[in-house]
Amino acid sequence: MFTAIKNWWSGFQDGRPELSKFLMFLVLSNGVTVLQLALMPIFRWGFATFTGLTDVGFQALPVGSNVDGSQYYMFDYAAGALPGGGGGLAYFLAVQITLLIAQVINFFLQRNITFKSNTSVWVAAGWYTLAYIVITFVAAAAQGFYKAPIYDFFMVTLDWGSTGSVVADVLTMIINSAISFWVFYPIFRVIFRQVPVETETEAAAAEATADGAVK
């Protein structure tokens, strides 16, 4: 059965190369998202339990004002536990470490499995890092609008307490993953290219032609 599926997929890739890449990208991205959903609450719990970083605020890059006139920060993690506070430095680190681990894994999976790229891994890694930094800023700016309402809804409005915090963790990470998904795919198509590889037969033929031209 596995062989039949493999043969069918090979034929599908040959017949619909772009669609097959997108589907593989979708499958691997969802797998990485599941990993993020598992890691995020663990890291947040670890930082909150074993460090005092929840009470250390991290608010950086002021970019205008909120509706109520207060300062809006691109990275807004005010001191104090959610939903009253912003999770502090503990929340920031939990989010960023989770994303970093997921994106490193995603880089190699997408490069080697989805796009089967044979270009320089270092050049691709450089562009990927740049894209990751840009997406981090975009996702952080967007999170300022939805993070607090989500945690407030599940922890206060529904009164789910710690369970609501975990549910909110999952939802915020899904939103982050969705942003990454739609931004990264077109970027991957550019940085994970396939360059035709010259076979030994072609190289020998080209060398023979060149020798004949010289004579």
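Only a predicted model underlies this, so the values are computations on that prediction, with no experimental measurement involved.

Visitor: Give me unusual backbone geometry: which residues, what numbers.
Guide: Of note, the phi angle at Lys116 is positive, near 45°, even though the residue is not glycine. Residue placement: Lys116 occurs in the loop between helix 3 (88–114) and helix 4 (121–157). At Asp159, a residue that is not glycine, the phi angle is positive and equals roughly 55°. One can find Asp159 in the loop between helix 4 and helix 5 (161–191).

Visitor: Tell me about the nonpolar core, and name the residues and values.
Guide: Most often, soluble globular proteins have nonpolar side chains that are buried together. With 35 residues, the main nonpolar core has Phe25, Tyr91, Phe184, Phe188 and Phe192 as its most contacted residues. Of all elements in the fold, only helix 2 (17–50), strand 2 (71–77), helix 3, helix 4 and helix 5 reach the threshold of two or more residues within this core. Ranked by residue count, the leading element in this core is helix 4, at 11 residues. With sequence-adjacent residues up to four places away left out, Tyr91 is seen in contact with Met40, Arg44, Tyr77, Leu82, Gly86, Gln143, Lys147, Tyr151, Asp169 and Thr172.

Visitor: How would you summarise a nonpolar patch on the surface if you had to cite specific residues and measurements?
Guide: Taken together, the side chains of Val123, Trp127, Leu130, Val134 and Val138 define a hydrophobic patch exposed on the protein surface, amounting to about 490 Å² of accessible area. Tracing the backbone shows Val123 in helix 4.

Analysis parameters
Residues numbered from 1 in each chain as written. Predicted model: local features only at pLDDT ≥ 70, side-chain atom pairs only at ≥ 80, totals over all residues. Heavy atoms only, no water. Helix = DSSP H or I, 4+ residues; strand = E, 2+ residues; numbered from the N terminus. Core = buried A, V, L, I, M, F, W, Y, C linked by side-chain atoms within 4.5 Å. Buried < 20%, exposed > 50% of the residue type's maximum accessible area, 1.4 Å probe, protein only. Contact = heavy atoms within 4.5 Å. Patch = residues over 30% accessible without salt bridge, like charges linked within 9 Å, V, L, I, M, F, W, Y side chains within 5 Å. Areas by Shrake-Rupley, 256 points an atom, 1.4 Å probe, with all protein chains shown as cover. Salt bridge = Lys/Arg side-chain N within 4 Å of Asp/Glu carboxyl O.

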